[in-house]
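Take a look at the letters that make up each chain.
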Amino acid sequence: MNEKGNFEPKIVGFLCNWCAYAGADLAGVSRIQYAPNIRIIRVMCSGRVDPVFILEAFKDGADAVLVAGCHLPSDCHYINGNYKAQARVALLKKVLENFGIEPERLRLEWVSASEGDKFANIMNDMVEQIKRLGPNPMKKDGGKIS
Amino acid sequence: MFRPRIIGFVCNWALPKRIEIPSFPRMKIYPKMQVVQVMCVGRIDPVIVLDTFAKGADGVLLVGCPLPDCHFVKGNIQAENKTKILKKLLSLTGLEPERLQLEWAYATEIEPFSTIVDAFRNHIIKLGQSPLVGENSDEKILSNILAAKNAVADFSLRVLTGREEELTEAMNAYGKRIPQEEFDDLLDEIVNREFLRHKIHLLTSQKLLSVKEIATIVNHRPALILRQIADMTSKHMIALDHVEETTPLYKALEVK
Amino acid sequence: MAEVKVGAVLVVGGGVAGIQAALDLADSGFKVYLLDQSPSIGGVMARLDKTFPTNDCSMCILAPKLVATGRHPNINLITKGELIELNGKAGNFEARVRKQSRYINESKCNGCGLCAQKCPIEAVDTFNENLSSRSAIYVDYPQAVPLKFTIDREKCIGCRTCQEICKTKAIEYDQQDSETVLKIGSIILAPGFEPFDATQKSEYGYGRYLNVVTSLEFERILSASGPYGGLVLRSSDGEIPKKIAFIQCVGSRDAQIGNNYCSAACCMYGIKEAIIAKEHVPIKLSCSIFYIDIRSYGKEFDDYYSRAQEEYNIRFVRSRPARITEDPRTNNLYLHYVEDGDPRIEEFDMVVLSIGMQAPKNVETLAKVLGIQLNGYNFCQTSVFSPVETSKPGIFVCGAFAAPKDIPESVAQASGAAAKAIAVIASERGKEIVEKEYKPERDVSQEEPRIGVFVCHCGINIGGVVNVLEVVEYVKKLSNVAYAEANLYTCSQDTQGIIRERIEEHDLNRVIVASCTPRTHEPLFRETVQEAGLNPYLFEMVNIRDQCSWVHMHQPKEATGKAKELVRSVIAKARLLKPLKKPIIKVTPIGLVLGGGVSGMTAALELAKQGFEIHLVEREKRLGGHLRQIRYMLEGRNPAEYLALLIEEVMKNKKIRIHLNAEVTEVNGFVGNFKSKISYDNGEEKEVENGIVIIATGATEYKPVEYLYGKSSGVMTQRELEEKLAEGEFKAETVVMIQCIGARTEAQPNCARICCGEALKNALKIKEIYPETEVYVLYKDMRSYGFKEDYYREASAKGVLFINYTDDKKPKVTNKNGKLEITFWEPIINEEITLEPDVIALSVATIPNPDNKRTAEMVKVPLTKDGFFLEAHMKLRPVDFQTDGIFLCGMAHSPKFVDESLAQACAAAARAGTIICKKTLEMEGAIAHVDENFCGGCRICENLCPYRAIEMKEKDGEVTAHIIEALCKGCGICGAACPTKAITMGHFTNEEIMAQVKATLLEEVKA
């Protein structure tokens, strides 16, 4: 749907196994209700998220991408993978701008295993934000990929 | 004058030979009752008896060979046990249990047979027309009869009637005989339970109902109904449809 | 002649405590006989709906442990069993066990349940607290272990229906009770507790009033697999209640009925039940909890209590209702109680009685058979310095039988008891066990992917929202999906069998389970596929519970759609999955214990008794820690004496190397192979190798700024008061103690647990030495849980006055011309009272060590919001961390009494022992690999790797990267950065993740 009112964004989330994925689990266990727009892909560490994955997601029509890992500075299960993710996402936001994709569509968040509510809030917030922003401009006809 | 409609399920080996029965259809209009000839009175499925009442019979007479004679060894004992359950069920439905009678007769003796029929017929005349007959037929009893029919069609009661003789006369799996009174008490309990569950099932298949509503209709304590619904849920007979304010409403599930 | 010992242990009781003890023992190389009276293990926990304080679904977290126990090659389950005779002594017992007949051949029964469907006889379902019926042939619950049916001989009429229907010919009516004699070296008792019989409190009308239920009944009512499918209903009429009252302390803290003790868990489960009830009820439900004291003394429990008040608007009424009456017309209930001095009558739709724990039934017989002593309440007699030891050597105790307690403490105690049981027979490790053998792995490299998908209903946890059958039908249409089915509980033991069968039947070479979180359930399913001859990495999981049904409860359509897409994306990944080998690493059988207090010393000693070398590192110049400052115990024992003996034992033990005036400053490496640095105050450093780390660094005391502390000599902490009492320097006519200093405040919201006990101890000591001294205790809630309640009663009886205060009416302390004055509100007489005490004793909190942050970062483990160490799972892994090989005990975990620290220390030792008892460990297989042909030798990965798991090697003049397998943790940072894509991340390859991304977003287009 092109009309912003009916537009349901598709969000791909790369969640690290130890913190963010566990936070999403906690949202589940706590039955915290949030918008159903995210599709979670589990990775062991946010530092594992190759920029190529993110670009692929946008190419395939994701309206937004979330990378979520352990809190800075030292929650990372793998010592400092979260810093690596931070650096990559910052760089990638610039690249996205060159492609004509609003950098806000890529989001990096730190979610701990005890922050189920935070995870749910991020989801609701992202959905709202992307609804305002409209569909991924790489999508033609408001949905299909060229 | 009231002419009762009486159906007699009569054992081939108990039926006096002078009465002519064409081989097909097996039913012959006998002046006082319609006779259905069966190979053995033990063959009578309780479902058929209840169905016969549902279809408007004023009385059902079962006639078999006297104990211990049975052409099929123990058919008459089976008939006795089934009649017992049917009478228990009838008493729950509101239809007079006396409308069902099991009698013994010898094919060689015509007089006793006709005495039996006459006596039963007179009794039915005294009872009057079945409440299920006519324009003002009693819906409640009819639905009870249907529930009873579903109850006897269900596995539990069939198992118990089928095995009563073995368990009370011979030995159960543990090499013990179950005293008759004990078995009858158990039977009472299960007949009550199965009748109530099928009644609830029937009611909720027609309309979404709450525990309280069901309790009012069947005239039982709501606590008992809730308990049945819990058990029926685990047997997939019933399910919660939705909750209105503070009242859950249930619907029957199709029993597979 | 050498003493003959047996490397086997008998565990009596198969609840969560018994299960934990059995698993720890079996994983440490000992044979275990797990005996339970019931037809299946699981105990009370299996009947609970949710668990506090995380609100985890009880069955969800228990099931993996049940399954692990049921499948463990070293655990022999003896269900419907009873211990009838015991001979021998520690190290070599002979136990005679009677096993009641199930009338079912356990090896033939496959748990299909057809018999139960056809059985004409019904009985009350005791598992559902008699709220529904079950057949005369039955299994307690769908996930039961072992999943073997049982005939209820009381009810069965012997009609032979089941025998005729059973496909496996498992029914054996002539099966007799049998007896066996087990040869064992030690025994652990975990028989649990008996719920209080609420009919004894006739004033509450339980048994007469239908809408008065017990808390255990309420658990079943709340449970999705309970009698009402999780809907809260009144028993009288099946209506949803709008107003529920919870009455605490029913059968506890009640001297009249002989149970003066506190049942320790009821406050928390009462709060939990109120919270969950509000979540389960579609209308606005009002919940009121009637209590004497809210005893939320455990780790982060007060947080939970606050949430109950603030987020869930649960009303708390400090009052013990006198009685309940019923309106016979509506079956509503009138609660008669007194609040703020006024008698009140309030109407409720339903009342839940929070029933306490009693000693298990027939415990006297068991005690007699075993020759152990019971305490005055018929619980097991233990002592404060040997909390898991019974009065008889070689027999240990854990769980509620030792004293009423909650699940995490039962679990910790269970591991602790395992450590003690092992110590008796440490020399016999490995002698009675068998190694688990798997089918040879099938080579699937030449096969097209044939994917099997198993979608879990999880009772109604998933199926209640997500249309599971629709998901199954959907995935069947996707390419490479060779098979798909729905399961009621995919995690149940019988489903594991089904999965294995399906792998064979359909030649599956990839398996996907769509159920809950891989964080808890992946190991179980991996093992299942491995048993069927598949490499465990050919398995994948989709989390459609935590990501669909539980978070989109009111959007079934969207939740179902999302579930399909999630499964679709994982199927895309599964097509590309490759088998991986798990590297084997050697284990250094040496332990490193941080902290030389009573916890650290005990952990070290227990491991040393198992034969392991231990480095015990203490910052101070001598051992002893916090206990050194304790002069006497509430229970009357002499702490100094005990400590001296313990220190002596530690010093004498040749296996323990003590490092005083030292700190651990570096911990590198990984489970089994740590390299740590010990730095001494004199500047020296030492490197040690160790296989495990135990953190026992303790806690510290809050330094008060309140109530003129430090400004007036009459104001002191409880510890200072204790010191004065012990040294004979105490002199006072009036003492006022103020509780909760530095705890239950905004800054430190949680309870510090031990201060109420400290106050009671000092109050009783004062009354013992100076009976004329007046003692007042100003408290928020007196939290003298468990048997400590006896001391609370004793103090009251001796004239100590306990006066409740609240945060909005805190006591005021002033110094008037050198004389202390305290003013506080007396709630019973409703008046302000002013006293001039000689001593004001502040019960100050135990707070986290400020150093925790550094330690946590050093060993890579998390802390709680409060700053204590955060264990792997609050309920079931109380002394583990998510990071393998690192364990936790004592006050570093949270404030606790000495006996609790001791139990935890033993637990940490037992858990650590399961690792260092092995010569080698199998490591994670999902690690990085370098394709040398593509590697340009740029060294980017080498610098990025946080574990130094990449080294550069030269071969034929070309420098390429190599992975050190044992060091690689599989984070994938290197793979994400490699410019030539030469690095492949096992199980998370670029291709796999990209395929997953694509399939997430795009419908599959079939060729």
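Just so you know, the residues in each chain are numbered from 1, in the order the chain's sequence is written. Each chain takes a letter, starting from A, and each ligand takes a number, starting from 1, following the order in which they are written. For a predicted model such as this one, the threshold for reporting local features is a pLDDT of at least 70, and the threshold for listing and counting side-chain atom pairs is 80 or more; totals across whole chains, interfaces and linings nevertheless cover every residue. Only hydrogens and water are set aside when side-chain values are computed; all heavy atoms of the structure are taken into account.

Peer 1: So what exactly am I meant to see when it comes to the packing of helix α1 (residues 46-54) of chain B against helix α2 (residues 75-93) of chain B here?
Peer 2: Two quantities define a packed helix pair, namely the angle between the helix axes and the distance between the axes. Residues and elements named next belong to chain B. Helix axes are fitted only over the stretch in contact, all axes being lines through C-alpha atoms; the angle between N-to-C directions runs from 0 to 180 degrees. Helix and strand assignments come from DSSP, with helices taken as H or I runs of at least 4 residues and strands as E runs of at least 2, each series counted from the N terminus. For the pair α1 and α2, the least separation of the axes is 10 Å and the interaxial angle reads 40°. With respect to α2, the axis of α1 lies oblique. Considering the relative orientation of α1 and α2, their crossing is right-handed. Facing α1, whose interface residues are P46, V49, L50 and F53, α2 presents K82, L86 and L90. Throughout this description, any angle smaller than 35 degrees is read as roughly parallel, any larger than 145 degrees as roughly antiparallel, any in the 65 to 115 degree range as roughly perpendicular, and the remainder as oblique. Each helix crossing is assigned a hand: it is left-handed if the near helix lies turned anticlockwise from the far helix by less than a right angle, otherwise right-handed if that turn is clockwise. Two residues qualify as a contact provided that any one of their heavy atoms is within 4.5 Å of a heavy atom in the partner residue.

Peer 1: So what exactly am I meant to see when it comes to the nonpolar core here?
Peer 2: The nonpolar core is taken to be a set of buried Ala, Val, Leu, Ile, Met, Phe, Trp, Tyr and Cys residues, with the residues joined through side-chain atoms within 4.5 Å. Exposure classes here rest on a 1.4 Å probe applied to the protein chains alone. A residue is buried below 20% of its type maximum, exposed above 50%, and partly exposed in between. The biggest cluster of nonpolar side chains holds 172 residues, and the ones touching the most others in it are I188, F218, I271, V351 and V453 of chain C. Ranked by residues supplied to this core, first place goes to helix α9 (residues 407-425) of chain C with 10 residues. Sequence-distant contacts of F218 of chain C, defined by excluding residues within four places in its chain, comprise V213, V232, I244, F246, E273, A277, M350 and V352 of chain C. Membership of the second largest hydrophobic core comes to 79 residues, among which are V41, V49, A57 and L100 of chain B.

Peer 1: I would appreciate a short explanation of the sheet that holds strand β1 (residues 11-16) of chain A in the present structure.
Peer 2: Sheets are built from strands paired through backbone hydrogen bonds, the pairs being either parallel or antiparallel. Residues and elements named next belong to chain A. Following DSSP output, two strands are said to pair if at least two bridges run between them. Overall, parallel pairing links the four strands, which are arranged β2-β1-β3-β4 in an open sheet. Looking at the sheet topology across the chains shown, the edges are occupied by β2 (38-43) and β4 (106-110). Strand-to-strand twist of the sheet, defined as the mean angle between neighbouring strand axes without regard to direction, takes the value 20°. For strand β3 (residues 64-69) and β4, the ladder comprises five bridges, and the chain directions are parallel. Directly across from A68, in β4, lies its bridge partner E109. Sheet contacts for helix α2 (residues 51-59): β1, β3 and β4; angle to β3, the most-contacted strand, approximately 150°.

Peer 1: For this particular structure, what's the right way to read the domain arrangement of chain B?
Peer 2: In many reports, interface size means the accessible area that the parts give up when they come together. Residues and elements named next belong to chain B. Parsing chain B into structural domains produces domain 1 (6-127) and domain 2 (154-252). On the domain 2 side, the residues contacting the 13 residues of domain 1 number 13 residues. Summed over both partners, buried area is the accessible surface (1.4 Å probe) that two parts give up on being assembled. For the pairing of domain 1 and domain 2, the buried interface totals around 1200 Å² over both sides, and the portion due to carbon and sulfur atoms is 61%. Among the residues domain 1 hides against domain 2, the three largest losses belong to I85, K88 and L92. Together they make up 41% of the total. By convention in these notes, a salt bridge is any Lys or Arg side-chain nitrogen within 4 Å of a carboxyl oxygen on Asp or Glu. At the surface where domain 1 touches domain 2, the tally comes to four salt bridges. Measuring nitrogen to oxygen at the nearest pair gives 2.8 Å for the salt bridge that ties D184 to K84. Polar contact is defined as a pair of N or O atoms within 3.5 Å, subject to the rule that within protein one atom must be able to donate a hydrogen and the other to accept it, and that residues adjacent in sequence are counted only when both atoms are side-chain atoms. Linking domain 1 with domain 2 are five residue pairs in polar contact (both at pLDDT 80 or more), by the criterion used here. All the domain ranges listed were derived from an automatic or database domain assignment.

Peer 1: What's the story with a negative patch on the surface in this structure? I'm lost.
Peer 2: Where like charges cluster on the molecular surface, the negative patch consists of E181, E182, D185 and E189 of chain B. Within the element layout of this structure, E182 of chain B appears in helix α6 (residues 180-206). Patch membership needs two things, relative accessible area over 30% and no salt bridge, and members are linked within 9 Å if like-charged or within 5 Å if nonpolar (Val, Leu, Ile, Met, Phe, Trp, Tyr). We get accessible surface area from the Shrake-Rupley algorithm with a probe of 1.4 Å; when it comes to residues, only the shown protein chains can shield them. Counted as positive: Lys and Arg. Counted as negative: Asp and Glu. His and the chain ends are not counted at all. A charge is said to be at NZ when it belongs to Lys, at CZ for Arg, at CG for Asp and at CD for Glu.

Peer 1: How should the sheet that holds strand β6 (residues 81-89) of chain C be read in this particular structure?
Peer 2: Residues and elements named next belong to chain C. Read across the open sheet, the three strands follow the order β6-β7-β12; overall the sheet is antiparallel. Every other strand in the sheet has two partners, leaving β6 and β12 (178-184) as the edge strands with one partner each. When the angles between neighbouring strand axes are averaged without regard to direction, this sheet yields 20°.

Peer 1: Would you mind going over the interface of chain A and chain C with me for this structure?
Peer 2: Chain A puts 50 residues into the contact, and the matching count from chain C is 53 residues. With both sides pooled, the region where chain A packs onto chain C buries about 4500 Å², and carbon together with sulfur makes up 58% of that total. At the surface where chain A touches chain C, the tally comes to seven salt bridges. As a salt-bridge pair, E565 of chain C and R39 of chain A come within 2.7 Å of each other at their nearest N and O atoms. Taken together, chain A and chain C are joined by 19 residue pairs in polar contact (both at pLDDT 80 or more). Taken together, the elements giving at least two residues each to the side of chain A that touches chain C come down to β1, α1 (20-29), β2, α2 and α3 (81-99) of chain A. Examining the composition of the side of chain A that touches chain C, we find that seven residues originate from one element, α1 of chain A, more than from any other.

Peer 1: Got a minute to help me understand the state of the cysteines in this structure?
Peer 2: When the sulfur atoms of two cysteines share a covalent bond, that bond is a disulfide. Pairs of cysteine sulfur atoms within 2.5 Å are what we label disulfides. One pass over the structure, following the stated rule, counts one disulfide over all chains. A sulfur-sulfur distance of 2.3 Å marks the disulfide that ties C19 of chain A to C70 of chain A. With the S-S dihedral at roughly 95°, the linkage between C19 of chain A and C70 of chain A falls on the right-handed side. Taken together, the residues C19 of chain A in the loop between β1 and α1 and C70 of chain A in the loop between β3 and α3 connect sequence positions 51 residues apart. Among the cysteines around C917 of chain C, which has no disulfide bond, C906 of chain C carries the closest sulfur, lying 17 Å off. The thiol of C978 of chain C is unpaired, and the distance to the nearest cysteine sulfur, on C938 of chain C, comes to 6.2 Å. Classification of C978 of chain C as buried rests on a relative accessible area of 10%.

Peer 1: Would you explain the interface of chain C and chain B in this entry?
Peer 2: Taken residue by residue, the interface counts 36 residues in chain C and 34 residues in chain B. Carbon and sulfur atoms make up 55% of the area that chain C and chain B hide from each other, which totals about 2900 Å². Counting the surface chain C buries against chain B, the share from its top three residues, E122, I157 and E239 of chain C, is 20%. Seen at the junction of chain C and chain B, the total is five salt bridges. Where R197 of chain B meets E122 of chain C, a salt bridge forms, and the shortest distance between an N and an O atom there is 2.7 Å. Remark: the boundary between chain C and chain B carries 17 residue pairs in polar contact (both at pLDDT 80 or more). Mapped onto the side of chain C that touches chain B, the elements with two or more residues apiece are β8 (122-124) and α4 (161-165) of chain C. It is α4 of chain C that provides the largest number of residues to the side of chain C that touches chain B, a total of three residues. Charged means Asp, Glu, Lys or Arg here, nonpolar means Ala, Val, Leu, Ile, Met, Phe, Trp, Tyr, Cys or Pro, and polar covers whatever is left, Gly included. When its residues are assigned to classes, the side of chain C that touches chain B shows 19 nonpolar, eight polar and nine charged.

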